[in-house]
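# What the coordinates show
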Amino acid sequence: MRTPVLLATFTAALLLAAPSAHALFKVIGADGRVTYTDRLPTASEGKVMPVDSDTGRTSDPSLPYALRQVASRFPVMLYTMKDCGDACAMARALLAKRGVPYNERMAETTEDREAWSRLVGGIEAPVLKVGEQMLRGFAPLAWDETLDVAGYPRLSLLPANYSRAPALPLTERRAEPPPRPAPVPTAPAPETGSNPAGIRF
């Protein structure tokens, strides 16, 4: 009789523990660095967004519910280059006007540019990725149509205090090795006594 009671208690404990075991959060720090954690972060650590345990995608609680649902199904990524000028500025303006929450990856270094075609495809900039759909080059009609199909509203629903994370590099930056310490000057070797008379030349 004792075994079923123990089994029921154990099952209940597992069910209660399950949600916390799968809890996962994405944290965007003030410097733009992104980290993931399974403990509840504090506000001082940065902008906190829960991650959907089924899809692995982040869900920003500051977004209205309808917009949050669209963003979780069809996340938007904007790929830009440091010197793409007006085209990239107009791309950001289009997304801002529609109130599309998006992340940005910017190619700045030679390493980024070499990785561009491998990660993004083609050589055009900017590139918009909506879900799995990739749109190369700024084409307002095509971009609007794709965002419409995904379910993003035409007019912004973003809260007034919404702030987007800063653009991150296209490729992960390698940590610079620490500088080597300066060599310690060595003292001259002491006289060995091979010149007992102290003769100088």
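Residues numbered from 1 in each chain as written. Predicted model: local features only at pLDDT ≥ 70, side-chain atom pairs only at ≥ 80, totals over all residues. Heavy atoms only, no water.

Turning next to the state of the cysteines. Counted according to the given criterion, the structure contains one disulfide. Paired through a disulfide, C84 and C88 show a sulfur-sulfur distance of 1.5 Å. In this structure the cystine formed by C84 and C88 twists about its S-S bond by roughly -120 degrees; its chirality is therefore left-handed. (Disulfide = S-S within 2.5 Å.)

Moving on, we come to the nonpolar core. The biggest cluster of nonpolar side chains holds 18 residues, and the ones touching the most others in it are V76, L95, L128, V130, L147 and Y152. Elements with a minimum of two residues in this core: α2 (65-73), β4 (76-81), α3 (85-98), β6 (127-130) and α5 (140-150). Core analysis: the next-biggest nonpolar cluster, separate from the first, contains ten residues, M81, C84, V127 and L170 among them. (Core = buried A, V, L, I, M, F, W, Y, C linked by side-chain atoms within 4.5 Å. Buried < 20%, exposed > 50% of the residue type's maximum accessible area, 1.4 Å probe, protein only. Helix = DSSP H or I, 4+ residues; strand = E, 2+ residues; numbered from the N terminus.)

For the structure shown, the criterion picks out seven salt bridges. Here R98 ties to D148 by a salt bridge, and the two come within 2.7 Å at their closest N and O atoms. Taken together, the residues R98 in helix α3 and D148 in helix α5 connect sequence positions 50 residues apart. You can call R98 buried: its relative accessible area is 3%. Judged by its relative accessible area of 31%, D148 is partly exposed. (Salt bridge = Lys/Arg side-chain N within 4 Å of Asp/Glu carboxyl O.)

Taken over all residues, the pLDDT of the protein has a mean of 77, while the share at 70 or more is 67%. Within the protein, the element-level pLDDT minimum falls on helix α1 (residues 2-22), averaging 45, and the maximum on α5, averaging 96. Contacts for the low-pLDDT stretch residues 10-23, under 50 throughout, to residues beyond four places or in other chains number three contacts. (pLDDT = per-residue confidence, 0-100. Contact = heavy atoms within 4.5 Å.)

Among the residues of helix α4 (residues 110-119), D112, A115 and W116 are the ones counted as buried. Burial along α4 is one-sided: seen end-on, the buried residues are contained in an arc of 135 degrees. In α4, the exposed positions that point more than 90 degrees away from the buried face belong to T110, E114 and R118. Packing partners of the buried residues in α4 comprise β4, β5 (102-107), β6 and β8 (168-169). (Arc of directions from axis to C-beta.)

Bringing unusual backbone geometry into the picture now. Between A125 and the following residue, P126, the backbone shows a cis peptide bond with an omega angle of 5 degrees. Tracing the chain through its elements places P126 in the loop between α4 and β6.

Glancing now at the environment of D86. Examined against the element boundaries, D86 turns out to sit in helix α3. By relative accessible area, D86 is classed as exposed at 62%. Between the C-alpha atom of D86 and that of F138, which follows or precedes it by 52 residues, the distance is 10.0 Å.

The subject of this paragraph is the packing of aromatic side chains. Taken as a whole and assessed by the stated rule, the structure comprises two aromatic pairs. Look at Y79 and W116: their rings are 6.5 Å apart centre to centre, the planes differ by 85 degrees, and that puts the pair in the edge-to-face class. On the criterion of sequence distance, the pair formed by Y79 in strand β4 and W116 in helix α4 is long-range, its members being 37 residues apart. Look at Y79 and you get buried, because its relative accessible area is 11%. Ring centres of F138 and W143 lie 5.1 Å apart, and the angle between their planes is 85 degrees; on these two criteria the pair is classed as edge-to-face. The class of F138 is partly exposed, set by a relative accessible area of 23%. (Phe/Tyr/Trp six-rings, centres within 6.5 Å; stacked < 30°, edge-to-face > 60°.)

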